[in-house]
Amino acid sequence: MGGYEAGFRDLTEEHRDRDLPVEGSIPDWLDGALYRNGPARWSVGDAEADHWFDGLAHLTRFEFDDGGVRYTNRFPRTSAYRAAMEEESFAGQFSSTDGYLARVKSMLAGESTDNANVHVARLGGDLVALTETPNWLRIDPESLENRGTITYGDDLTAHHVTAHLRRDPETGDHWGYFTRFGRTTEYVLFRIPEGTTRREQVASVAVDRPAYMHSFALTAEYAVLVEPPLTTHPARFLLPGSGGFIDNYDWHPDRGTRFLVFRRDSGELVREATVPAFFTFHTANAFETAGENDDATALVVDLVAYDDDSAVTDLSIAALRGGDAGFPSGELRRYRLPLDGGDPAYDHLADDVEMPRFSPEVHTREYEHVFAQSTEMEGGNALVRVDAGDGTGDDAGVAERWEEAGVYSGEPIFVPHPDGTEEADGVVLSLCLDADAERSFLLVCDGELTELARAPLPHVVPFGFHGEYFRS
Ligand SMILES: [Fe+2]
């Protein structure tokens, strides 16, 4: 039986608007497009990228129409792509000592990369490919060709930026944060009004030892940064000289993990709370709830927690290609942050999950279902639905599961039925690797993770990161 290493081989093929065969039945209300992003090539000639996160950006589009699905995939012809192809070298972008987070450093030195390989969003009417520098790409929604980097309608200086924007379900505004290195280094919370590419600064907070943060949480009234103690000294970024990820950020568990809670309307930092150290990439949903006292508010923040920073450091492409990388094991936790000063605490929701997603209809609201990829890898890995139950953790856990021997699933993206009445009314889309057949397929399940259809691709799409579905 094939292993997951097939998901880390270089992809070189591109297809345009190719009809995929469909086994089963795709609901005919599904008439939009799923876009996904992720690294898909790590070697050119003798040169090899060091870290999984450093592969060349690759976009896929699955366009649904009347029960059919058409497939397009493309490496945007970025300057990073051309440099890799024409010089057969990853030097200057990602070399062995100049990896993922060192790209931020390159950018400060004026050598920014445009290898936007993390996520997608729709901003100012454009499809945009996102990464953790401000060099986001405008992408043609049909051909997936690069139309150049985005022009921001503001004059903010940003260095390390989240690629996980949060869209407000009421206003359509996108929210995010960045780190700005300087004499005073700051975390900056910003909002991009719907229909624009203008980042409006909502709040900022000075920080002596900025952390590596990957995503954040939004409730109806608050924004929450989750700051693990994976920190750097700003001088390391501001001084000349190179250094890889490990050299720039260090794990300081004694510092604990800090929650920073901002009011969205005023930008006021209303709560800081430090808890025993954990690392996290991904929050799931967050919402406001009643606190212990009747008139107090508490925030619920669901996230995938790791004991330490090995979730970042263990993912070298050489180890992954060898099939012997230790995939880190994350725990889905429900943190409860009282805003009146009480101690935060968490409930355990599930073990061994990543890529948590939920219905966009329930974003910032109390909710029940988290869809996630299981990270238990034994000849395949499952998709799971974790139900929060009564919210105490007592009756929370994996309620539904889809799995098949030899199949490795990807991030499950939930698309709500346009006329749905229940939170789970809709479909789950996941790009899966069939390791035995050595090809990927798009899986379509219902909200109970019962398979409705699958559409095999003509090749393997390497394991990617994130995507979004946009209605037509
Ligand atoms: Fe992510």
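Since this is a predicted model, take the numbers as computed values, not measurements.

### Structural notes on the nonpolar core
Here's step 1: With 43 residues, the main nonpolar core has Phe8, Trp52, Phe279, Phe281 and Leu332 as its most contacted residues.
Here's step 2: For this core, the secondary-structure elements that each account for two or more residues are strand S23 (279-290), strand S24 (297-306), helix H5 (310-313), helix H6 (317-321), strand S26 (345-351), strand S27 (353-357), strand S28 (369-374) and strand S29 (383-387).
Here's step 3: Here the element with the most residues in this core is S23; it accounts for four residues.
Here's step 4: Among residues more than four places away in sequence, those in contact with Phe281 are Phe53, Tyr212, His214, Ser215, Val304, Tyr306, Ala311, Val312 and Glu354.
Here's step 5: In this structure, Ile26, Tyr71, Leu442 and Leu457 belong to the second largest nonpolar core, which totals 21 residues.

### Looking at the coordination of the iron ion
Here's step 1: Here the iron ion is held by the protein donor atoms His164 (NE2), His214 (NE2), His282 (NE2) and His466 (NE2), which lie 2.1 to 2.2 Å from it.
Here's step 2: Bound by four donor atoms, the iron ion shows angles of 90 to 161 degrees at the metal and therefore irregular coordination geometry.
Here's step 3: Each donor residue of the iron ion belongs to the same chain, and together they define the spacing H-x49-H-x67-H-x183-H. Of this pair, His164 sits in the loop between strand S12 (160-161) and strand S13 (166-167) while His466 is found in the loop between strand S35 (451-456) and strand S36 (467-470), placing the two residues 302 residues apart along the sequence. No difference in accessibility class separates His164 from His466, as the two residues are buried.

### Section: the sheet that holds strand S1 (residues 15-19)
Here's step 1: Read from one edge to the other, the open sheet built from five strands follows the order S1-S7-S6-S3-S36, with strand pairing classed as antiparallel. Of all strands in the sheet, those bounded by a partner on one side alone are S1 and S36. The mean inter-strand angle of the sheet, taken between neighbouring strand axes irrespective of direction, is 15 degrees.
Here's step 2: Here strand S6 (residues 57-65) pairs with strand S7 (residues 68-74) via seven bridges, running antiparallel. Across the sheet, Thr60 pairs through a bridge with Asn73, a residue of S7.

### Some points on the packing of aromatic side chains
Here's step 1: Throughout the structure, instances matching the rule amount to 28 aromatic pairs.
Here's step 2: Summarising the aromatic geometry, the rings of Phe281 and Tyr306 are spaced 6.4 Å apart at their centres and angled 80 degrees between planes, so their arrangement reads as edge-to-face. Pair noted here: Phe281 is in strand S23 and Tyr306 is in strand S24, with a separation of 25 residues, a long-range link.
Here's step 3: The buried category is assigned to Phe281, whose relative accessible area is 7%.
Here's step 4: On the accessibility criterion, Tyr306 (4% relative accessible area) is buried.
Here's step 5: Measuring from ring centre to ring centre gives 6.2 Å for Tyr408 and Phe463, while their planes differ by 75 degrees; the resulting arrangement is edge-to-face. Taken together, the positions of Tyr408 in strand S31 (residues 407-408) and Phe463 in the loop between S35 and S36 put the pair 55 residues apart, joining distant regions of the chain. Note on accessibility: Tyr408 and Phe463 belong to one class, buried.
Here's step 6: Over the face of the ring belonging to Tyr152 we find Arg199, whose NZ or CZ atom lies 3.6 Å from the ring centre.

Reading the values: the criteria
Residues numbered from 1 in each chain as written. Predicted model: local features only at pLDDT ≥ 70, side-chain atom pairs only at ≥ 80, totals over all residues. Heavy atoms only, no water. Core = buried A, V, L, I, M, F, W, Y, C linked by side-chain atoms within 4.5 Å. Buried < 20%, exposed > 50% of the residue type's maximum accessible area, 1.4 Å probe, protein only. Helix = DSSP H or I, 4+ residues; strand = E, 2+ residues; numbered from the N terminus. Contact = heavy atoms within 4.5 Å. Donors = N, O, S within 2.8 Å, 3.2 Å for Na, K, Ca; no water. Tetrahedral: all angles 85-135°; square planar, octahedral: opposite > 155°, others 65-115°. Pairing = 2+ DSSP bridges. Axes fitted to C-alpha atoms, helices over the stretch in contact; angles between N-to-C directions. Phe/Tyr/Trp six-rings, centres within 6.5 Å; stacked < 30°, edge-to-face > 60°. Lys NZ or Arg CZ within 6 Å of the ring centre and 35° of its normal.

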